[in-house]
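For reference, the chains in residue letters:
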Amino acid sequence: MTDTMTPHALRRGALISLEGGEGAGKTTVLVALRARLEARGHAVVGTREPGGTPAGEAIRALLLDPAQPLVPNTELLLMFASRAQLVETLVEPALARGDMVLADRFTDASFAYQGGGRGLPMGLIADLERAFVGRMPDFTLLLDLDVQAGLARARSRGAPADRIEREKDEFFERVRGAYRARAAAQPQRIGVVDASQPVEAVVQDACAALDAFLDRWNAP
Ligand code: Z5A
């Protein structure tokens, strides 16, 4: 039986996350990934982090408010508070129904930003992941882009920078390094896409990587 013929009731839900640094182009790629999943017959629940639930969105507003000088531990715990709410109320129920959850960032972002960027211990983040999340994404796409190119794109949008976007370039270099290190350590789970390409090529590579994952995931 080919994938497009698999009845929905027989499908296994999967958690798929999209990651990247500043200006990597997640917005366009997310739209394409959702369309690809739906074209293959999957029900898709989209979400984002931090946020994705009413409580999570309130936490997001606090996290990104430039007027709130949060210490790194507070930032880390708020990321996990938002995630705990999301996992219990949205992610797990959707997966139990057999839906695909498409997440604009997930726990890899905490390893990259709070671990790499802020320098908090990776072991502490792994402990929080075990205690309050209990799962990793089944598949992650990392849109990888040179930091200067990403910042130039993000700044060209003209929107005021949020609290984290105001960080120095070195912070974003550490974030990128942490993302790339995780992708190198977990090549089965994390696919890397060269986000410096024109947007059509980025979308094409991202969809090809998603297709390869879905073929593995839906294999009998
Ligand atoms: N964060 C954290 O610290 N810890 C955590 O655990 C989690 C998150 C979960 C909010 O996330 C912040 O939270 C984020 C990480 C932190 N902080 N920062 N900084 P977010 O995902 O909501 O925010 P974001 O990173 O700023 O994402 P974004 O703005 O929604 O998307 P993007 O990937 O950065 O960029 P875009 O809007 O899709 O594209 C940027 C511009 O580039 C836009 O004008 C596009 O038209 C253009 N673009 C896109 N692709 C291309 C290509 N290929 N060529 C040329 N131009 C392009």
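Heads up: these notes are all about the structure in this document. (Residues numbered from 1 in each chain as written. Predicted model: local features only at pLDDT ≥ 70, side-chain atom pairs only at ≥ 80, totals over all residues. Heavy atoms only, no water.)

Following both chains from N to C, one finds helix α2 (residues 54–64) and helix α3 (residues 72–97) inclined at 160°, their axes separated by 8 Å at the closest point. Taken together, α2 and α3 sit at an angle that is classed as roughly antiparallel. Judged by the sense of rotation from one axis to the other, the crossing of α2 with α3 is left-handed. On the side of α2, the interface is formed by Ala55, Gly56, Ile59, Leu62 and Leu63, while α3 contributes Glu75, Leu78, Met79, Ala81, Ser82 and Gln85. Its residues assigned to classes, the contact of α2 with α3 shows seven nonpolar, three polar and one charged. (Axes fitted to C-alpha atoms, helices over the stretch in contact; angles between N-to-C directions. Helix = DSSP H or I, 4+ residues; strand = E, 2+ residues; numbered from the N terminus. Parallel < 35°, antiparallel > 145°, perpendicular 65-115°, else oblique. Left-handed = near helix turned anticlockwise from the far one by under 90°. Contact = heavy atoms within 4.5 Å. Nonpolar A, V, L, I, M, F, W, Y, C, P; charged D, E, K, R; others polar.)

Moving on to helix α1 (residues 26–39). Between its first and last C-alpha, α1 extends 20 Å over 14 residues, near the 20 Å set by a 1.5 Å rise per residue. Those residues of α1 that sit buried are Lys26, Val29, Leu30, Ala32, Leu33 and Leu37. On its buried face, α1 sits against β1 (14–20), β2 (44–48), β3 (100–104), β4 (139–144) and α8 (199–217). Gly41 occupies a position one or two residues after α1 and carries a positive phi of about 90°. (Expected span 1.5 Å × (residues − 1). Buried < 20%, exposed > 50% of the residue type's maximum accessible area, 1.4 Å probe, protein only.)

This paragraph deals with the nonpolar core. Among the nonpolar cores identified, the biggest contains 26 residues, and Ile16, Val29, Leu33, Leu37, Leu143, Leu210 and Phe213 are the most heavily contacted of them. Secondary-structure elements contributing two or more residues to this core are β1, α1, β3, β4 and α8. Element by element, the count of residues in this core is highest for α8, at eight residues. Contact partners of Leu143, with chain neighbours within four places excluded, come to Leu18, Glu19, Gly20, Gly21, Ala24, Gly25, Lys26, Val29, Val193, Ala195 and Val202. (Core = buried A, V, L, I, M, F, W, Y, C linked by side-chain atoms within 4.5 Å.)

Turning next to the environment of Asp162. Examined against the element boundaries, Asp162 turns out to sit in the loop between α6 (147–156) and α7 (169–185). Given a relative accessible area of 17%, Asp162 falls into the buried group. Sequence-wise, Asp162 and Asp65 are 97 residues apart; in three dimensions their C-alpha atoms are separated by 6.2 Å. Every residue in contact with Asp162, bar those within four places of it in the chain, is listed here: Leu64 and Pro66. There is a polar contact of 3.0 Å between the side chain of Asp162 and the backbone nitrogen of Ile164. (Polar contact = N/O pair within 3.5 Å; in protein donor to acceptor, adjacent residues only side chain to side chain.)

Close to the ligand lie 29 residues, the nearest being Glu22, Lys26, Arg105, Ser110 and Arg157. For the ligand, an oxygen atom lies 2.7 Å from a polar atom in the side chain of Arg60. Arg157 places a side-chain nitrogen or oxygen 2.6 Å from an oxygen atom of the ligand. For the ligand, whose accessible area on its own is 1,100 Å², the fraction buried by protein is 82%. The set of elements that each furnish at least two residues to the shell around the ligand consists of α1, α2, α3, α4 (107–117) and α8. (Near = heavy atom within 4 Å. Areas by Shrake-Rupley, 256 points an atom, 1.4 Å probe, with all protein chains shown as cover.)

In this section: the packing of aromatic side chains. All chains considered together, the criterion is met by five aromatic pairs. Taking the centre distance of 5.2 Å and the plane angle of 90° together, the rings of Phe171 and Phe172 count as edge-to-face. Through a chain of ring-to-ring contacts, three or more aromatic side chains come together here, namely Tyr113, Phe171, Phe172 and Tyr179. The lysine or arginine in question, Arg12, covers the ring of Trp217, its NZ or CZ lying 3.8 Å from the ring centre. When the ring centre of Phe80 is taken as origin, the NZ or CZ atom of Arg83, which lies over that ring, is 4.7 Å away. (Phe/Tyr/Trp six-rings, centres within 6.5 Å; stacked < 30°, edge-to-face > 60°. Lys NZ or Arg CZ within 6 Å of the ring centre and 35° of its normal.)

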